[in-house]
Amino acid sequence: MNCQPVVLTVDVEDYFMSPESIAFEQWSSFEDRVQVGLNRLLDMLSTCGRTATFFFLGYVAERHPEAVISVAKAGHEVAVHHYWHQPYEQIGKARFLEGLRRTKGILEDLIGTKVIGHRAPMWSVRRDMPWVFEGLLENGFQYDSSLFPIRTYLYGDAGAEPEPHWLNFGGGRILEVPPSTQTVFGRRIPVGGGFFLRAYPLGMTRWGINRRLRSGRSVVLYVHPWELDPGHPRLQLPTKLAWIHAVGLNRLGRKMTELVKQYEFTSLRNSLSRFEAIAGGTNA
Ligand SMILES: [Zn+2]
């Protein structure tokens, strides 16, 4: 019987918030739709009694405080997805720390409990950026889920460890929980999340999840609210980016409904002790 966590994570940002498409300064001119997909996902999860981790962008939390509160009240984990959705290498250490503290403060004021989890925008952390992990430890984070262990067209670090592991920085250590991958014909591919969740047939996602569970490994998937809102306005993007953004949008709602029914999704926080055990010991 499977006893490994099957974790669903949600990066709470809107359809126009990635820097490869629209600059932060222009966001206010776009229709705000984040709650359409968010509410759809929350309904799916509550119907089946599942929980998830919601990494909120600080900008979104400020504009939708009621969404943060309702996510927490429904038993889900609230965590940090920074403030501006800019890659950390571009904004640098000072701005990273500013956005990290600002977003953590916004979320903790709203939900009244400590926030312990972080995911970088655009998976924009690499192992050679110690100032990110030191900043997380200094600010009370217990885990990070930002190292994408595959190099893709837009992001990732092919040399990163693909399973949960400890990272030692500045006299402390933080648990790194990467999105799940699997090796097929000698090549590492994502199990499912974002583009990959939309582009893969449902059977392939199920196969990847089941394969990991059968071999005693945990599963971490991710999705964005806008991916469950196929009616959102289309952006003017270069052809390749437009395809990446739009592929499989119309099918994801049905796929997610099936996955939420089939798997006992839970939050990363609920599974922390099991991830720590996988990584080799607790942090007590
Ligand atoms: Zn994001």
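In this text, all values refer to a predicted model and were calculated from it rather than measured experimentally.

> Help me out: how do you make sense of the overall build of the protein chain in this one?
In terms of helices and strands, the protein chain carries 10 helices and 10 strands. Over its C-alpha trace the protein chain gives a radius of gyration of 17 Å, about what one expects of a compact globule, namely 19 Å for 284 residues. A principal-axis box enclosing the C-alpha atoms of the protein chain has dimensions of 45 × 45 × 35 Å. In the protein chain, buried positions account for 46% of the 284 residues. A separation of at least 24 residues holds for 76% of the contacts in the protein chain among residues at least 6 apart in sequence.

> Teacher, can you tell me more about helix α7 (residues 202–214) here?
For the α-helix, the turn length of 3.6 residues means that residues three or four positions removed from each other point alike. Here α7 is 13 residues long and its end C-alpha atoms lie 18 Å apart, about the 18 Å a rise of 1.5 Å per residue gives. Where α7 is buried, its residues touch β1 (6–12), β8 (181–184), α6 (194–199), β10 (219–223) and α9 (249–262). Downstream of α7 by a residue or two, G216 has a phi angle that is positive, lying close to 75°.

> Looking at this structure, how should I read the pairing of β10?
Working note: regular strand, side chains alternate between the two faces of the sheet. Extensive coverage of β10 is indicated by the burial of 5 of its 5 residues. The two faces of β10 match: V219, L221 and V223 on one face and V220 and Y222 on the other face are all buried. Where β1 lies against β10, 5 bridges are found, and the strand directions are parallel. Bridge pairing links V6 to V219 in β10.

> I keep staring at the packing of helix α3 (residues 65–73) against helix α4 (residues 88–111) and nothing clicks. Help me out?
Pairs of packed helices are described in terms of their axes, by the angle between the two and the distance that separates them. Running from N to C, α3 and α4 cross one another at 60°; their axes reach a closest spacing of 9 Å. By the angle class used here, α3 and α4 are oblique. α4 is crossed by α3, and the crossing has right-handed handedness. The segment α3 lies against α4, with P65, V68, I69 and A72 engaging L107, L110 and I111. Along the lines of polarity and charge, the residues of the contact of α3 with α4 split into 7 nonpolar, no polar and no charged.

> Can you help me understand the environment of K255 in this one?
By the secondary structure assignment, K255 is in helix α9. Note on K255: 20 C-beta atoms within 10 Å, which makes it buried. For the pair K255 and L197, spaced 58 residues apart in sequence, the C-alpha to C-alpha distance is 8.6 Å.

> Even after reading the chapter, I still don't get the pairing of β8, so can you show me in this structure?
Of the pairings in the sheet, the one linking β8 to strand β9 (residues 187–190) comprises 4 bridges and is antiparallel in character. Note on β9: the bridge partner recorded for Q182 is I189. Connecting β8 to the antiparallel partner β9 that follows it, the hairpin turn spans 2 residues, and F185 within it adopts a positive phi of roughly 50°.

> I tried to follow the environment of R95 on my own but got confused; where do I start?
With respect to the secondary-structure elements, R95 resides in helix α4. Of the residues examined, R95 has 15 C-beta atoms within 10 Å and is grouped as partly exposed. Considered as a pair, R95 and N139 are 44 residues apart in the sequence and their alpha carbons are 14 Å apart.

> Looking at this structure, how should I read the nonpolar core?
One broad rule of soluble globular proteins: the nonpolar side chains tend to lie buried together. Among the nonpolar cores identified, the biggest contains 75 residues, and V12, F54, F56 and L107 are the most heavily contacted of them. Sequence-distant contacts of V12, defined by excluding residues within four places in its chain, comprise V34, L38, F54, F55, F56, L57, V60, H81 and P225.

> What am I meant to see in unusual backbone geometry here?
For residues other than glycine, phi is negative in most cases, and the peptide bonds are mostly trans. Here M122, not a glycine, exhibits a phi torsion of approximately 60°, which is positive. Counting through the fold element by element, M122 comes out in the loop between β4 (117–118) and α5 (130–138). Residue class for M122 comes out buried when judged on the 22 C-beta atoms lying within 10 Å of it.

> Where do I start with helix α1 (residues 34–48) in this structure?
With 15 residues, α1 ought to run about 21 Å at 1.5 Å a step, and its terminal C-alpha atoms sit 22 Å apart, in line with that. Among the residues of α1, those classed as buried are V34, G37, L38, L41, L42, M44 and L45. Taken down its axis, α1 places every buried residue within 160° of arc, on the same side. Summarising the geometry of α1, the exposed residues directed more than 90 degrees from the buried face are D43 and T47. Those residues of α1 hidden inside the fold are in contact with β1, α2 (58–63), α3 and α9. Of the residues trailing α1, G49 is marked for its positive phi of about 65°.

> Sorry if this is basic, but what is going on with the packing of α4 against α5 here?
Interaxial distance between α4 and α5 falls to 10 Å at its minimum, and their mutual angle equals 10°. Considering the angle they form, α4 stands roughly parallel to α5. For the pair formed by α4 and α5, the contact residues are Y88, K93, F96, L97 and L100 on the first element and W131, V132 and G135 on the second. When the residues that make up the contact of α4 with α5 are grouped by side-chain class, the tally is 6 nonpolar, 1 polar and 1 charged.

Here is what the cut-offs are and how they apply
Residues numbered from 1 in each chain as written. Predicted model: local features only at pLDDT ≥ 70, side-chain atom pairs only at ≥ 80, totals over all residues. Helix = DSSP H or I, 4+ residues; strand = E, 2+ residues; numbered from the N terminus. Rg over C-alpha atoms; globule rule 2.2 N^0.38 Å. Buried ≥ 20, exposed ≤ 12 C-beta atoms within 10 Å, placed from the backbone. Contact = placed C-beta atoms within 7 Å. Expected span 1.5 Å × (residues − 1). Pairing = 2+ DSSP bridges. Axes fitted to C-alpha atoms, helices over the stretch in contact; angles between N-to-C directions. Parallel < 35°, antiparallel > 145°, perpendicular 65-115°, else oblique. Left-handed = near helix turned anticlockwise from the far one by under 90°. Nonpolar A, V, L, I, M, F, W, Y, C, P; charged D, E, K, R; others polar. Core = buried A, V, L, I, M, F, W, Y, C linked by C-beta atoms within 7 Å. Arc of directions from axis to C-beta.

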